[in-house]
Structures are given as C-alpha cells and as structure tokens.
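Listed here are the chains, written in short residue letters.
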Amino acid sequence: MSQKNMTNQNSAENAEICPAQKLLKMLSGKLKPEIFSLAIKSTLRFSSLLREIKGANKQSLSIALKEMEEIELLERVVVKLKPLHIEYYLTEKGKSLIPVFQQLEGLV
C-alpha cells in the first residue's frame, strides 16, 4: 500500500471518530435542529411542534423526537392530567449543548 493511500485511510478513520463530527451527526436531519432550538425556549408538545415546524409530518417528527431521546438530548414525560399528553424537555446533556448550538447559529 502506498504512503498516500495509508494517509488517506488514516484521515478517514480520524474523521469518523472526531467529536465534532459526532455532535453534528446528533443534531443533523431535517427536523432536529429546529426541535432543539424550540426546546431551548420552552417545553415541547408533539401537536405544537407539528404546527410550528414547517414541512413536519407525524412520522418524521416522531422519528426525530425518538432519536433525540435515544441520544439523551430530550426527556419524554407523560403528563397524566386530563387531557393526557406528552411533553419533551432538554436533558442536562441537551442543556450543555446550548452554547455550542448558539455559536453554530451565529456563524450563519
């Protein structure tokens, strides 16, 4: 294997384990950045997210929320008051990303 191929292979491996890349993947997708931005401002409810996020549908929103819950950015809480509903809150991990997210927003 040539030195050039080894360098390219090592660069690709390093890029895959880069913490910044992992963070960007966590917040990537059509709805996740918008969901995160709205979660910074207030508690989230599914129906209000459907209204607020242009182009969102039930399936894509449900998947995005579930993925954000799995990576521990959002916490899902079932509120058993009538009417029964579900609210989403930023976790401590999610709150720790607020300054980073705001810096990214400031670059655009």
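Residues numbered from 1 in each chain as written. Predicted model: local features only at pLDDT ≥ 70, side-chain atom pairs only at ≥ 80, totals over all residues. Heavy atoms only, no water.

## Some remarks on the nonpolar core
Moving on, step 1. Membership of the largest hydrophobic core comes to 23 residues, with the highest contact counts inside it found for I35, F36, L44 and L74.
Moving on, step 2. Sorting the residues of this core by element identifies α2 (19-26), α3 (32-41), α5 (58-70), β3 (85-90) and α7 (98-107) as the ones contributing at least two each.
Moving on, step 3. Sequence-distant contacts of L74, that is, excluding residues within four places in its chain, are made with I35, A39, L44, L65, M68, E69, Y88, Y89, L90 and T91. (Core = buried A, V, L, I, M, F, W, Y, C linked by side-chain atoms within 4.5 Å. Buried < 20%, exposed > 50% of the residue type's maximum accessible area, 1.4 Å probe, protein only. Helix = DSSP H or I, 4+ residues; strand = E, 2+ residues; numbered from the N terminus. Contact = heavy atoms within 4.5 Å.)

## Description of the packing of α3 against α5
Moving on, step 1. At their nearest, the axes of α3 and α5 sit 10 Å apart, and the two run at 65° to each other. By the angle between their directions, the pair α3 and α5 is classed as roughly perpendicular. Between α3 and α5 the crossing geometry is right-handed. Contacts from K32, I35 and F36 in α3 reach L61, A64, L65, E67 and M68 in α5.
Moving on, step 2. Counted by class, the contact of α3 with α5 contains six nonpolar, no polar and two charged residues. (Axes fitted to C-alpha atoms, helices over the stretch in contact; angles between N-to-C directions. Parallel < 35°, antiparallel > 145°, perpendicular 65-115°, else oblique. Left-handed = near helix turned anticlockwise from the far one by under 90°. Nonpolar A, V, L, I, M, F, W, Y, C, P; charged D, E, K, R; others polar.)

## Thoughts on the pairing of β3
Moving on, step 1. Examined bridge by bridge, strand β1 (residues 44-45) and β3 share two bridges and lie antiparallel to one another. Each residue of the ladder has a partner; that of R45, found in β3, is E87.
Moving on, step 2. Across six bridges, strand β2 (residues 74-79) lies against β3 in antiparallel orientation. Bridge pairing in β3 links R76 to Y88.
Moving on, step 3. Between β2 and β3, which pair antiparallel in sequence order, lie five residues. (Pairing = 2+ DSSP bridges.)

Any link to function would need more than the numbers given here.
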